[in-house]
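Residue-level structural notes
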Amino acid sequence: MDRYDLALIGFGGVNRALAELIRDRGERLRSELGFDLRIVAITDLRLGSLMQADGIDVAQVLAMRAGESFAGLVGGDAEARNEYVIRNSTADIVVEATFTNPLDGQPAVSHVTWALESGKHVTTTNKGPIALAGAGLKSLAAEYGVRFEYEGSVLSGTPILRFAKQQLAGAGLTAVEGILNGTSNYVLGRMEAGLSLADAVAEAQGLGYAEADPTADIEGSDVQLKVVILANELLGANLTTADVERVGISVVSAEDIVAAATQGKRWKLIGSARRLPDGTVTGRVAPVAVAADHPLQGISGATNAVKFETELLGDVTVSGPGAGRVETAYALLSDIIAIDSSVRSGLVATSAV
Ligand SMILES: NC(=O)c1ccc[n+]([C@@H]2O[C@H](COP(=O)([O-])OP(=O)(O)OC[C@H]3O[C@@H](n4cnc5c(N)ncnc54)[C@H](O)[C@@H]3O)[C@@H](O)[C@H]2O)c1
Ligand SMILES: N[C@@H](CCO)C(=O)O
């Protein structure tokens, strides 16, 4: 396959960054990866829908200003006709990057379902579908002979899901513990520097780290979804969010931060999943004041880190970007590379379109 056609569902920070990568690095990606990427459809609540089977002029849509809509363009419509576009566009791969809904994953679960049912591969950075409907969507992908990829759902572009599944296979993984949210880690660091919680959150929003509703970052529900994903994907569990106890960083006051600093400690929002001796898997999210000798103390800003506890290797810690538009767009690219690898090895078709 020398080209994949993409439908972008949601055209916010992450999918715009993917479009910019295609615009700015298309030639380089082609020579490094052996395929072209072309965008043939876009939908967004604010812009509407656009379908152009011969390829959308990426520079033109990236230059559109707030308040403009796709309605005036050939193949454009003022409404985000997600189901129609997902089912009827000529895309090989649907790229889902709408808001994460931590309650039921919708409408992203439907977006992924429609794409798989219409024989299109899916890549998503949206945590909802995999945390809240992962088993069913994976079965659907298998039924339709397409790939469902979601590397960016945990640690954005840092590829810890594939790392653990492929490189730690057979090592006897027993627990996963880490800093899994870039916004809250950034905010805690800025509060150490004297900013208020609200000002620090505003900075994280400006940098593209925060969820559309940053309560998910601050109150821990974003990490709760990631703990469910890690437990189910890597520890063979079947957890739901109700199984994962959750406390967010809003309980940490400026005084708590100063008090921890006087003892050489730093507050971190820690998400963990652990297999107990009886085989059950537990999950938890809570702020912890970690001491200087803790491997996660030095992880600052939007950087995240995960410590994998294994029977044969002991602890293996991986750190890298946990949020950010370009970093997360890279996760989508890494998923497309994984899809290409399956297509080239004959495991799946380009798409069933
Ligand atoms: N930004 C990050 O650092 C990061 C990292 C990892 C994962 N994610 C996840 O990736 C997804 C996208 O993140 P983002 O930063 O681009 O968010 P964003 O808020 O910048 O963009 C989301 C876009 O989706 C559009 N949208 C929402 N609902 C829609 C619908 N029903 N139909 C069509 N369009 C819809 C919105 O209008 C918006 O433009 C989210 O689920 C987020 O949790 C983000
Ligand atoms: N809002 C999330 C994005 C990455 O999932 C974070 O700050 O970690």
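As the structure is a prediction and not an experimental result, all values here were calculated from the model.

Here is what the cut-offs are and how they apply
- Residues numbered from 1 in each chain as written.
- Chains lettered and ligands numbered in written order.
- Predicted model: local features only at pLDDT ≥ 70, side-chain atom pairs only at ≥ 80, totals over all residues.
- Helix = DSSP H or I, 4+ residues; strand = E, 2+ residues; numbered from the N terminus.
- Rg over C-alpha atoms; globule rule 2.2 N^0.38 Å.
- Buried ≥ 20, exposed ≤ 12 C-beta atoms within 10 Å, placed from the backbone.
- Contact = placed C-beta atoms within 7 Å.
- Near = placed C-beta within 6 Å.
- Nonpolar A, V, L, I, M, F, W, Y, C, P; charged D, E, K, R; others polar.
- Domains from an automatic or database assignment.
- Pairing = 2+ DSSP bridges.
- Axes fitted to C-alpha atoms, helices over the stretch in contact; angles between N-to-C directions.
- Core = buried A, V, L, I, M, F, W, Y, C linked by C-beta atoms within 7 Å.
- Parallel < 35°, antiparallel > 145°, perpendicular 65-115°, else oblique.
- Left-handed = near helix turned anticlockwise from the far one by under 90°.

Here we take up the overall build of the chain. For the chain, the helix and strand inventory stands at twelve helices and 13 strands. Here the chain has a C-alpha radius of gyration of 20 Å; the compact-globule value for 353 residues is 20 Å, and the two agree. The C-alpha extent of the chain, read off along each of the three principal axes, is 60 × 45 × 40 Å. Here the chain, with 353 residues, has 49% of them falling under the buried criterion. In the chain, once contacts between residues fewer than 6 apart in sequence are set aside, the share between residues at least 24 apart is 70%.

Moving on, we get to the site of ligand 1. With respect to spatial proximity, 30 residues lie near ligand 1, and among them Gly10, Gly12, Val14, Thr125 and Ala323 are the closest. For the shell around ligand 1, the elements supplying multiple residues, two or more each, are helix H1 (13-33), strand S2 (36-44) and helix H12 (325-344). For the shell around ligand 1, the per-class residue count stands at eleven nonpolar, 14 polar and five charged. No fewer than three residues from each of domain 1 (3-156 + 326-344) and domain 2 (160-321) sit in the shell around ligand 1.

Here the focus is unusual backbone geometry. Across the chain, the bulk of peptide bonds are trans and the bulk of non-glycine residues have phi less than zero. Of note, the bond from Gln106 into Pro107 is cis; its omega dihedral lies within 30 degrees of zero at 0°. Examined against the element boundaries, Pro107 turns out to sit in the loop between strand S5 (93-96) and helix H4 (108-117). Its identity is not glycine, yet Leu155 carries a phi of approximately 60°, on the positive side. Examined against the element boundaries, Leu155 turns out to sit in the loop between strand S7 (148-149) and helix H6 (160-167). Leu155 sits in the buried class, given 31 other C-beta atoms within 10 Å. For Ser156, which is not glycine, the phi torsion reads 40° and is therefore positive. In this structure, Ser156 sits in the loop between S7 and H6. With 26 C-beta atoms packed within 10 Å, Ser156 lands in the buried category.

This next bit is on the domain arrangement of the chain. Annotation of the chain at the domain level lists domain 1 (3-156 + 326-344) and domain 2 (160-321). Tallying the contact residues gives 14 residues for domain 1 and 19 residues for domain 2. At four residues, the largest contribution of residues to the side of domain 1 that touches domain 2 is made by helix H5 (residues 127-144). Here the side of domain 1 that touches domain 2 is built from residues that sort into six nonpolar, five polar and three charged.

Once that is clear, we can look at the environment of Lys127. Residue position: Lys127 is located in helix H5. Along the primary structure Lys127 and Leu155 are separated by 28 residues, whereas in three dimensions their C-alpha atoms are 11 Å apart. Filtering out sequence-adjacent residues up to four positions away, Lys127 remains in contact with Thr100, Ser153, Leu225, Lys226 and Ile229.

On to the sheet that holds S7. Taken together, the seven strands give an open sheet; going across it, the order is S4-S3-S2-S1-S5-S6-S7, and neighbouring strands pair in mixed fashion. Either end of the sheet is taken by a strand with one partner, and the two such strands are strand S4 (76-77) and S7. For S5 and strand S6 (residues 121-124), the ladder comprises four bridges, and the chain directions are parallel. Bridge pairing in S6 links Val95 to Thr123. Across the sheet, H1 is in contact with strand S1 (3-9), S2 and S5; its angle to S2 comes to roughly 170°.

Judged by nonpolar contacts, the single largest core of 98 residues is most densely connected at Leu6, Ala7, Leu8, Val94 and Val95. By residue number, the principal contributor to this core is helix H10 (residues 221-234), which donates eight residues. Taken domain by domain, this core gets at least three of its residues from each of domain 1 (3-156 + 326-344) and domain 2 (160-321). With near-sequence residues (within four places) excluded, Ala7 lies in contact with Val40, Ala41, Val85, Ile86, Ser89, Ala91, Val94 and Val95.

Before going further, it helps to examine the packing of H5 against H10. Axis separation between H5 and H10 bottoms out at 9 Å; the angle between their running directions is 55°. Between H5 and H10, the interaxial angle falls into the category oblique. Here H5 and H10 pass one another in a crossing that is left-handed. Here Lys127, Ile130, Ala131 and Gly134 of H5 lie close against H10, whose contacting residues are Leu225, Lys226, Val228, Ile229 and Asn232.

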